[in-house]
Amino acid sequence: MTRVALLAYDGVEALDFAGPFEVFTTAARVHARTAPGEPVFEVVAVAAGPGPVRARAGLELLPSATIADAGVVDVLVVPGGVVDGVRGDRAVLDWLARVHATTRLTASVCTGAFVLAAAGILTCGPATTHWEDLDDLAAQFPALEVVGQRRWVRQGRVFTSAGISAGIDLSLHLVEVLAGRELAVRTARQLDYPMPPDA
């Protein structure tokens, strides 16, 4: 089983969080129909501390784990949103760096790339983010090769995606990478969402 952790924080973009959450939980459900037994994915929402977090548009999310008790993480996903607070939280950044050291894959959606960069996970090479934030990412982290007009960009085991709905595209791609194209296609079908082409 692959354990997927999504970071939740005050100011997170609701769809940046919920899109990947739905893709991985739907993939687990679809997989279980034909392969009962151990789930293919376990998905957990992780926050800095206990209690709800408030998404950018006001939606409250109640994560099921904190950075102190999140346990083993195979796939780490950092959604975007208003990231000023979270990228200044040293405890969260340190946790991200520690977890990334042993993940199979680490990914960001939208402005989550700024958080990965602040944590020292994204230090150089190609990366992307929401089209509005490409120039800021390049200015703040000049060692990065910031790429526009791409749904997602892979750099080794680190993936960054463009804004909002691109996180769904990237998540379907990650299902394919982790569990095969057949499951990814069936998951997209269940979501009534087109299977994205490569980046």
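It should be noted that the structure appears before, not after, this text.
Quick notes on the rules
- Residues numbered from 1 in each chain as written.
- Predicted model: local features only at pLDDT ≥ 70, side-chain atom pairs only at ≥ 80, totals over all residues.
- Heavy atoms only, no water.
- Helix = DSSP H or I, 4+ residues; strand = E, 2+ residues; numbered from the N terminus.
- Expected span 1.5 Å × (residues − 1).
- Buried < 20%, exposed > 50% of the residue type's maximum accessible area, 1.4 Å probe, protein only.
- Pairing = 2+ DSSP bridges.
- Contact = heavy atoms within 4.5 Å.
- Axes fitted to C-alpha atoms, helices over the stretch in contact; angles between N-to-C directions.
- Right-handed = clockwise from strand over helix to strand, strands pointing away.
- Phe/Tyr/Trp six-rings, centres within 6.5 Å; stacked < 30°, edge-to-face > 60°.

Enquirer: Honestly, helix 6 (residues 166-179) in this entry has me stumped. Any pointers?
Expert: Think of an α-helix as 3.6 residues a turn; residues three or four steps apart then line up on the same face. For helix 6, spanning 14 residues, the distance from its first C-alpha to its last is 20 Å, which sits close to the expected 20 Å at 1.5 Å a residue. Those residues of helix 6 that sit buried are A166, G167, I168, D169, L170, S171, L172, H173, L174, V175 and L178. Looking one or two residues beyond helix 6, the residue adopting positive phi is G180, at roughly 105 degrees.

Enquirer: What am I meant to see in the sheet that holds strand 2 (residues 41-47) here?
Expert: As summarised here, the arrangement of the seven strands in space is 5-2-1-6-7-11-10, forming an open sheet in which the pairing is mixed. Strand pairing shows two members of the sheet lacking a second neighbour, strand 5 (65-66) and strand 10 (152-155), which therefore form its edges. As defined by bridge partners, strand 1 (residues 2-7) adjoins strand 2 across six bridges and the pair is classed as parallel. Following the sheet pairing, L7 is matched in strand 2 by V46. Of the strands in this sheet, strand 1, strand 2, strand 6 (75-78) and strand 7 (105-109) are in contact with helix 1 (residues 14-34), which crosses strand 2 at around 155 degrees.

Enquirer: How should I be thinking about the pairing of strand 1 in this particular structure?
Expert: Side-chain direction in a regular strand flips from residue to residue, so the side chains alternate between the two faces of the sheet. Within strand 1, six of the six residues are buried, leaving the element largely enclosed by the surrounding structure. Neither face of strand 1 is left uncovered, since the one carrying T2, V4 and L6 and the one carrying R3, A5 and L7 both have all their residues buried. The parallel pair strand 1 and strand 2, bridged by helix 1, forms a crossover whose chirality is right-handed. One ladder, built from three bridges, connects strand 1 with strand 6; its direction is parallel.

Enquirer: Before we go on, may I ask you to explain the packing of aromatic side chains in this structure?
Expert: For any two aromatic rings, the description comes down to two numbers: the centre-to-centre distance and the angle of the planes. Taken as a whole and assessed by the stated rule, the structure comprises three aromatic pairs. Summarising the aromatic geometry, the rings of F17 and F21 are spaced 5.9 Å apart at their centres and angled 20 degrees between planes, so their arrangement reads as stacked. Of this pair, F17 and F21 both sit in helix 1, separated by four residues, roughly a single helical turn. Judged by relative accessible area, F17 falls into the buried class, the value being 7%.

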